[in-house]
Amino acid sequence: MEGVVTTIKSKDGAEIFFKDWGPKDAQPIVFHHGWPLSGDDWDAQMLFFLSRGYRVIAHDRRGHGRSTQTADGHDMDTYAADVAALADKLDLKNAVHVGHSTGGGEATRYVAKYGRKNHVAKLVLIGAVPPSLVKTAGYEGVIPVDVFDGLRAQLAANRAEFYWTFPIPFYGYNREGAALSEAVRQNWVRQAMMGAANAQYDCIKAFSETDFTGDLRSIEVPVLILHGEDDQIVPVANGRATAELLKRPTLKVYPKLPHGMATTYADRINADILGFLKA
């Protein structure tokens, strides 16, 4: 459609793809996706909050989805700067930022660094990587770095096969009694294979080794932390540690739920986010 803009340019010229639905004068919700996916991972949330009168925005991180497959810039500072460029372009005020997994790290860095300037109202973290996944100066960490070395090795050896198997623990399909949804799995793989191998490879370091303790301590707005107790990708200990570092946290832990619960248990997650927005 002529005149409709679906990308913005970052400082280094990378084009960041985004979706922007709903009334432009409504309260905006910005969704930050997890690794190695795209803004499409938020379909269930975008439609839910759109139907309730919100303006909903989801972007594809650089090197992911439909955004430019850049050679560099695959770090949390650049990710946050890209979001800041998007927020400035769309003139977002009183926005709620919702981040899942790696997107939770991106949203945390964005709110900490740019939140006051860009009028952030609230932050929601779902199975998010902060404070850190490995040991850093500010946090003890919960996963040995060689686990992430293994992820990089698998990605480099056979990205398609690696991504075919990764949704199994991501959605808890390896648990007793769990029913595998091939549709959900294939949608995950579809999104992952759209992105650039180099960006996804470098992003593993960004999501596992970035220390967010200073970011979390500096955030002034209310933050909702949602974490599945059976998260096999980002341990629930991260959610609990994040709550301890924040000034205004609300923590909710879901017994038996997996990392990808925003997709497989969207009704529960959406209702809890809505309650937080209206509080």
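### Some details on the environment of valine 30
Next up, step 1: Mapped onto the elements of the fold, valine 30 is located in strand 3 (residues 28-32).
Next up, step 2: Overall, valine 30 belongs to the buried group, its relative accessible area being 1%.
Next up, step 3: Those residues in contact with valine 30 that lie beyond four places of it in its chain are Ile57, Leu92, Val96, His97 and Val98.

### Examining unusual backbone geometry
Next up, step 1: Residue tryptophan 35 is joined to proline 36 through a cis peptide bond whose omega torsion reads -5°.
Next up, step 2: Relative to the helices and strands, proline 36 is located in the loop between strand 3 and helix 1 (43-50).
Next up, step 3: Each neighbour pair has its own omega, and for proline 130 with proline 131 the value is 0°, a cis peptide bond.
Next up, step 4: The residue proline 131 is located in the loop between strand 6 (120-126) and helix 4 (145-157) in this model.
Next up, step 5: The phi dihedral of lysine 256 falls on the positive side, at around 70°, and the residue is not glycine.
Next up, step 6: For lysine 256, the position within the fold is in the loop between strand 8 (249-254) and helix 11 (261-264).
Next up, step 7: Judged by its relative accessible area of 73%, lysine 256 falls in the exposed class.

### Notes on the side chain of arginine 55
Next up, step 1: Of note, arginine 55 is situated in strand 4 (residues 55-59).
Next up, step 2: Classification of arginine 55 as buried rests on a relative accessible area of 6%.
Next up, step 3: Within polar-contact distance, the side chain of arginine 55 engages the side chain of aspartate 20 at 2.7 Å.
Next up, step 4: Not counting residues within four places of it along the chain, the set of residues in contact with arginine 55 comprises Asp20, Trp21, Gly22, Pro23, Lys24, Ala26, Gln27, Pro28, Ile29, Leu90 and Leu92.

About the cut-offs
- Residues numbered from 1 in each chain as written.
- Predicted model: local features only at pLDDT ≥ 70, side-chain atom pairs only at ≥ 80, totals over all residues.
- Heavy atoms only, no water.
- Helix = DSSP H or I, 4+ residues; strand = E, 2+ residues; numbered from the N terminus.
- Buried < 20%, exposed > 50% of the residue type's maximum accessible area, 1.4 Å probe, protein only.
- Contact = heavy atoms within 4.5 Å.
- Polar contact = N/O pair within 3.5 Å; in protein donor to acceptor, adjacent residues only side chain to side chain.

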